[in-house]
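# Chain and residue survey
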Amino acid sequence: MRFLKQFLICWLMCAAWVSKAEQPDSLVSPSSLLVLPFASYQQETSVAPGMAYGYYFKSKDLSRISSITGSAVYTFLNQFTFNITPKIFFDSNKWYLYSNLSVRNYPDYYFGVGNKPAGIKQAYTSRNFSLLLQPQYAVSKNLLFGVSLSVRSEWLMSDTFGQYGGEGWKPFSQLNIGLLTAFDSRDNQFYPQKGIFAKMFFTTSKEVWGISYPIQEFSVDYRQYLPLFGSHVLAWQAVFDGVYSDRAIPFQLLPTLGGRDMLRGFRQGMYRDNVLALAQAEYRIPVCKRLKAAVFCSAGDVVNSADCEVYKLKVAYGAGLRYRLNDARVHLRFDFARNNYGDKLQFYITATEAF
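Just so you know, these numbers come straight off a predicted model, no measurement behind them. (Residues numbered from 1 in each chain as written. Predicted model: local features only at pLDDT ≥ 70, side-chain atom pairs only at ≥ 80, totals over all residues. Heavy atoms only, no water.)

### Some thoughts on the overall build of the protein
The cut-off we apply is this: By definition, any uninterrupted DSSP run of H or I lasting at least four residues is a helix, any uninterrupted run of E lasting at least two residues is a strand, and each is numbered from the N terminus. Relative accessibility under 20% of the residue-type maximum defines a buried residue, over 50% an exposed one, and the middle range a partly exposed one, all with a 1.4 Å probe and only protein chains included.
Within the protein one finds one helix and 17 strands. Classification of the 355 residues of the protein by burial places 47% in the buried group.

What follows is the structure in structure tokens.
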């Protein structure tokens, strides 16, 4: 019931989105500003008003639209999260910068490490700063090469430091650098109707850089969008993410499934380990004018690379509605999903597609 109240507050306030746009005749997509206010309530935060926002630059190419998106939340208990994600094309689309800045002082839960229910729900507050920079150069229209630089610093506030063992309970800092390559033939980033997106990167960190943990990460993300008939689209995605080290890895740096994008229907952070693999598919259906619907399903798991044992493959499914907010094809997304572990129905509201 508490979550239902939270969901209704968010949905009603999100319905009050604001859009401002200019429409020069020569542009495929005009510039636009979207502001989505929301609010929630839970015992750990009290009332938590917030805002999701996005500025979308004018563009003559619907497949290459620069944007600055993010969100901010401030609670009545003086907790906060702030996130901003600039995605910028420049120099006639020869260069692309993907970046993200996140700052938070916000409560969360530790559910243990592994792919089995551990019966743990330890509250803590995370004080975290992270920055990701991925500049990329287009060697052709669809093929890009680049570098990845990520910085992260985190410390936890909890009454039970180290009670459950493992790393991550003490303050740590990370600096990871690496290489990436991407292929992007989508007709649009925000709501693709055809094309392929594939991205692969490898990063590493060394103790000589003054960081806390030497780790290596290898990630592959493949997505394909198949036009069927009319504006019906079948989209699917496969993801692999592995984090490796000869030492223990902080639980915050381990891949985790669930949440609004990957394996919707599971709570994010409930299951985590050093290797993640999943696949999901979504059928996107036009309803009328700006309104669309979707049905989706997904399957995957996290495992430890030392044994790769799958306890019970995690499967989720659900449906949702989409409402187009601007000419850049940004949609307000409302999804609900269930999983095969018998957990409660999960709801998601966001202004981006899951993939």
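More follows now that the structure is in view.
### Some points on unusual backbone geometry
In this structure, N93 is a non-glycine residue whose phi angle is positive, near 70 degrees. Within the secondary structure layout, N93 lies in the loop between β5 (80–90) and β6 (95–110). A positive phi angle, close to 50 degrees, is found at K289, a residue other than glycine. Note on K289: relative accessible area 85%, which makes it exposed.

### Some points on the confidence of the model for the protein
Short version of the rule: Per-residue confidence from the predictor is given as pLDDT, running between 0 and 100. Residues count as neighbours in contact if any of their non-hydrogen atoms are within 4.5 Å of one another.
Considering every residue of the protein, the mean pLDDT works out to 89; 90% of them sit at 70 or more. Scored below 50 in pLDDT, residues 1–25 shows 50 contacts in the model against residues more than four places distant or in partner chains.

### Points about the packing of aromatic side chains
Worth spelling out the cut-off: Each aromatic pair joins two rings of Phe, Tyr and Trp (for Trp, the six-membered one) with centres within 6.5 Å, and gets the label stacked for planes under 30 degrees apart, edge-to-face for over 60, and tilted for any other angle.
Across all of its chains, the model carries 18 aromatic pairs by this definition. Arranged with centres 5.3 Å apart and planes meeting at 85 degrees, the rings of Y56 and F190 form a pair that is edge-to-face. Here Y56 is found in strand β3 (residues 46–56), whereas its partner F190 is found in the loop between β9 (172–184) and β10 (195–204), with 134 residues between them in sequence. A residue is classified by how much of its surface remains accessible, and Y56, at 3% relative accessible area, is buried. Look at F190 and you get buried, because its relative accessible area is 13%. When the centroid spacing of 6.2 Å and the interplanar angle of 45 degrees are considered together, the rings of Y109 and F111 count as tilted. Here Y109 and F111 have matching classes, each one buried.

### What about a nonpolar patch on the surface?
What counts is decided by this rule: Patch criteria: residues need more than 30% relative accessible area and no salt bridge. Like-charged residues are merged within 9 Å; nonpolar side chains of Val, Leu, Ile, Met, Phe, Trp and Tyr are merged within 5 Å. The Shrake-Rupley method, run with a 1.4 Å probe sphere, supplies the accessible areas, and residue values consider only the shown protein chains as cover. For this document, the term salt bridge refers to a Lys or Arg side-chain nitrogen within 4 Å of an Asp or Glu carboxyl oxygen.
Together, F129, L149, V151, I177, V208 and W209 make up an exposed nonpolar region whose accessible area comes to about 500 Å². On the secondary structure map, F129 appears in strand β7 (residues 122–138).

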